Amino acid sequence: MILFISDLHLAPQAPGVSRIFLDFLGGRARAAEQLFILGDLFEAWPGDDCLDDPDDSFAAMIVDALHDLAAAGVQLSVMHGNRDFLLGEAFAARSGARLLPDPCVLSLPAWQFVLSHGDALCTDDHEYQAFRARVRQADWQSAFLARPLAERKEAVRALRRQSEAAKRDKASFVMDVNPGATDDFLRAYGYASLIHGHTHRPARHDHLVDGIHVERWVLSDWNDEQGECLCWDGETLIREHLR
Ligand SMILES: [Mn+2]
């Protein structure tokens with residue numbers, strides 16, 4: 001079986017969700033062949049060197065737990081989210097995960113999926129898309145990562161505050177995927193079933209694209225009380241509640 005999760009937004013300030021995730025890694029996830037984490041595993045990621053931060057062992061504790069799962073034989077794949085888009089090769093090496101491109105096609109014997117974080121489809125949020133285009137450039141990232149870790153942590157916090165403030169002024173539809181962009185995406189990926197997160201609006205949507213029925217599964221975000229994974233058992237997708 002294959003498990004999909006996203007939008008855990010792990011942070012030291014929210015120990016409940018970390019506890020649910022660590023229980024999941026040590027329990028439910030062990031029965032899977034593969035675990036896909038489709039973005040925003042972490043609330044913030046200032047750079048892989050945070051794993052060696054002597055003042056903050058939180059990231060290292062989570063990544064070591066991921067490594068234990070990978071060492072137990074579960075294939076682990078991680079996609080960038082809009083919060084943790086700086087997860088890099090050192091993270092991958094230490095966790096045992098492979099970093100996935102966004103989007104990523106997953107061809108299984110019985111079904112074809114395309115996986116994405118989902119933020120790229122929120123095309124009505126022009127301000128965010130401009131930010132995304134800037135920070136996904138290699139030049140921007142190498143310049144940012146060249147700054148001292150403490151400075152980057154503060155910059156990430158400031159960005160969060162700005163983004164939270166901007167969100168309050170944004171209409172609800174701006175924070176969701178754009179229907180036209182989504183149809184174009186589903187067409188471009190051969191009408192494969194789309195699994196994504198990001199919007200924190202868990203649902204199963206039925207799209208009719210060029211007369212073809214296409215499913216879009218939106219993963220749930222996690223919080224201090226509960227989490228959720230989507231399980232592919234070889235035939236169907238089933239949501240599983242975690243607490
Ligand atoms: Mn997101």
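Criteria and cut-off values
- Residues numbered from 1 in each chain as written.
- Predicted model: local features only at pLDDT ≥ 70, side-chain atom pairs only at ≥ 80, totals over all residues.
- Heavy atoms only, no water.
- Helix = DSSP H or I, 4+ residues; strand = E, 2+ residues; numbered from the N terminus.
- Disulfide = S-S within 2.5 Å.
- Buried < 20%, exposed > 50% of the residue type's maximum accessible area, 1.4 Å probe, protein only.
- Donors = N, O, S within 2.8 Å, 3.2 Å for Na, K, Ca; no water.

> Looking at this model, I keep getting lost on the environment of Ala133. Mind explaining?
Within the secondary structure layout, Ala133 lies in helix H4 (residues 126-135). The sequence separation of Ala133 and Phe58 amounts to 75 residues, and the corresponding C-alpha distance is 29 Å.

> How should I be thinking about the state of the cysteines in this particular structure?
Between two cysteines, a covalent bond joining their sulfur atoms is known as a disulfide. One pass over the full model with this rule turns up zero disulfides. Residue Cys229 stays outside any disulfide, its sulfur separated by 6.4 Å from that of Cys231, the closest cysteine. Classification of Cys229 as buried rests on a relative accessible area of 1%.

> Just to check I follow, could you spell out the coordination of the manganese ion for this structure?
Tetrahedral coordination by four donors places them ideally at 109.5 degrees to one another around the metal; octahedral coordination by six donors ideally gives 90 or 180 degrees. In this structure, Asp40 (OD), Asn82 (OD1), His117 (NE2) and His198 (ND1) serve as the protein donors to the manganese ion, at separations of 2.0 to 2.3 Å. In primary sequence terms, the donor set of the manganese ion follows D-x41-N-x34-H-x80-H. Here His117 lies in the loop between strand S6 (112-116) and H4 and Asp40 lies in the loop between strand S2 (34-38) and helix H2 (58-71), a separation of 77 residues in the sequence. Of the two residues, Asp40 and His117, neither departs from the other in class, the shared state being buried.

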